[in-house]
Amino acid sequence: MKKFFKKVKDWFIAHRPSKRRLIQVYAALLYNANIKGFVQGRIFTGGTKNLCAPGLNCYSCPGAVSACPLGALQNALSSSDKTVPFYMLGIIALFGITLARTICGFLCPVGLGQELLYKIKTPKLKKNRVTRVLSYIKYVLLVGLVVILPIMLHSPTFCKYICPAGTFGGGIGLLLHPENGDFFDSLASLFTWKFGLLVAIVVLCVFCYRAFCRFLCPLGALYGLFNRIALMGVKLDQSKCTDCGLCLTHCKMDISRVGDHECIECGECISVCPTKAISWKGSKIFLHPNAVAAVADGAEETAPAKVDLLKISEANAAVVETPVSPVANVVEERPAEVVESASQAKAIKIANSPLDRIKRRNKWLEIAAWTVASLFLAFVLIYYNFILPPDKEIKLPKDATCPQFTMQGYNGTETYSFSESEGKVVVINFWATWCTGCVAELPHFNELQENYSEDVVVLAVHGDLITEDVQPFIEKMNWGDYSVKFVQDSTDLKLEYTVTGADGKVETKTEVSDLYTFLGGKGAWPMTVIVDREGKISFTRQNSISYKDLENAVLPLIGAQDNA
């Protein structure tokens, strides 16, 4: 039995996660703290979604509580026109100057996923000249799909066509929920392409270390530009380096030297350097310079041991008084006390040496840091999943009328009241400036409005989350002369609707909510709701819609009234 428990203990010791792995898991949980989002099949839209997490983590993932810096940068550039998005560039620069690609090595959930895939036991593709050349693809994608095309096409093109994090988290993460079955109806060839690309990347990561990170990730390329000047990361002391090449051989990334733009600052090369030429930046902030040198040289102590000088002097005196053997040049053995004192002086490890004090201090600092970090993560998880008020469920009964509301208007319209469209078919398009699908399909709604203006009123309701000025965006997109009514959703709308009970009695109710959530929005844009002439909701679609499907949904409602 003892042998069994010893084997179990040895297995756990051999397979215990490294500190870096624990930090990676910690960051992934922190980024996706809204675990109830996976249970509900909804995207979190709270205030922290205006903030960017350092690593690549899709905004549309049900668990995400913050935005992705790469997606936010593309959205800012796509809507900036001739202005420079200083806010997002400043955020990226802040992350780069402080952490650079340390984010890739420690704080990126996508990086963690790739490393776990690589642990699957298969033949591995080693780095070579080909992989080193392929590693420059991400810089092409950074310039083309993250900077140039978003400005030209007003669309976050990398997120739209490439990003596997969006496909896995924002796409599959929502499609797996039973209540989101209607999302499948809106899937097109673009999702097929992205899903196929995701599968290819996953398979490649099994055989090739961090394949997406090395070849395709523009965020890693962007952070790599800051590696030399970043405050954190690894550094190489050229005076100690012997050019043995062990660091380059040990590293699985396509680096040409320690700390270059391909280095993810994981620090695994530090332990293999025979001359201790590689260390962490900023180590002298936490260690005394002499202690740093001692650690680098492998020394145990940096100060002479404190011994009992009186005892040693007495022992030396005893040695002097000891009679000498008659045999020439032969000395009698020294007293046992002298040998004992000398061995004790040599073996004693002085607790007050600088290095020992630093080790004890760093140990307690590490324990304190992990304790605080664990408590903070626990608080975040509890807050988002239990304390934060739950997302409002669909409150409008199926037999209820669409609520009456008044919204702030755009395009020179001060306000709009739903009562103004009484007797007509009302098409409500929920959109947002940062939503690619919304921007692409909004011209369909304007075409519908112009073709059926006598019977249809189209509302373009912007989501409650505003990341930029909506009116300038409308003008920039040349939508200023559109016939649709642009209005703004809000969480404090007063919504009045009527419900017919089982006894036939009509009851009027009032709720305060945003219209999107009240009509069943699940956190994904765009969404289309069609209300018939009697005020009953006859059609709802979460996600994009083609003009043909839109027209087919409206025509029966118009014809029914015309034939009456």
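The rules behind each value
Residues numbered from 1 in each chain as written. Predicted model: local features only at pLDDT ≥ 70, side-chain atom pairs only at ≥ 80, totals over all residues. Heavy atoms only, no water. Helix = DSSP H or I, 4+ residues; strand = E, 2+ residues; numbered from the N terminus. Contact = heavy atoms within 4.5 Å. Buried < 20%, exposed > 50% of the residue type's maximum accessible area, 1.4 Å probe, protein only. Right-handed = clockwise from strand over helix to strand, strands pointing away. Pairing = 2+ DSSP bridges. Salt bridge = Lys/Arg side-chain N within 4 Å of Asp/Glu carboxyl O. Axes fitted to C-alpha atoms, helices over the stretch in contact; angles between N-to-C directions.

Chemist: What is the right way to read the environment of Ala277 from this model?
Modeler: Relative to the elements of secondary structure, Ala277 occurs in the loop between α15 (246–250) and β2 (278–280). The residues touching Ala277, leaving out its near neighbours within four places in the chain, are Lys235, Leu236, Asp237, Lys240 and Cys241.

Chemist: Help me out: how do you make sense of unusual backbone geometry in this one?
Modeler: When glycine is set aside, most residues are seen to have a negative phi, and most peptide bonds are trans. Of note in this structure, Asp243 is not a glycine but carries a positive phi near 55°. In this model, Glu265 sits at a positive phi of 55°, which is unusual for a non-glycine residue. Here Glu265 lies in the loop between α15 and β2. Overall, the relative accessible area of 0% leaves Glu265 in the buried class.

Chemist: Sorry if this is basic, but what is going on with the pairing of strand β5 (residues 425–431) here?
Modeler: In the case of a regular strand, side chains alternate between the two sheet surfaces. Burial within β5 is extensive, with seven of its seven residues counted as buried. On β5, burial covers both faces: Val425, Val427, Asn429 and Trp431 on one face and Val426, Ile428 and Phe430 on the other are all buried. Handedness of the β5-helix α21 (residues 436–451)-strand β6 (residues 456–462) crossover: right-handed. Bridge analysis of β5 against strand β10 (residues 527–531) gives five bridges, and the strand direction is antiparallel.

Chemist: What's the story with the pattern of salt bridges in this structure? I'm lost.
Modeler: Charged atoms that come close allow side chains of opposite charge to pair. The final tally for this structure, using the stated rule, is 11 salt bridges. The closest approach of N and O atoms between Asp549 and Arg541, which form a salt bridge, is 3.4 Å. Through salt bridges with shared partners, one network takes in Arg20, Arg21, Glu115, Arg210 and Glu268.

Chemist: How do you make sense of the environment of Ser256 when you look at a structure like this?
Modeler: The residue Ser256 is located in the loop between α15 and β2 in this model. Linking Ser256 and Arg132, residues 124 residues apart in sequence, is a C-alpha distance of 9.1 Å.

Chemist: Explanation requested: the sheet that holds strand β4 (residues 415–417) in the structure shown.
Modeler: What holds strands together in a sheet is hydrogen bonding between their backbones, with the strands either parallel or antiparallel. Reading across from one edge, β4-β3-β7-β6-β5-β10-β11 is the order of the seven strands in this open sheet, with mixed pairing throughout. If you trace the sheet from one side to the other, it starts and ends with β4 and β11 (537–542), each paired once. Ignoring which end each strand starts from, the neighbouring axes of this sheet average 30° apart. In this structure, strand β3 (residues 406–409) lies alongside strand β7 (residues 485–488), joined through two bridges in antiparallel fashion. Looking across to β7, one finds that Gln408 is bridged to Gln488.

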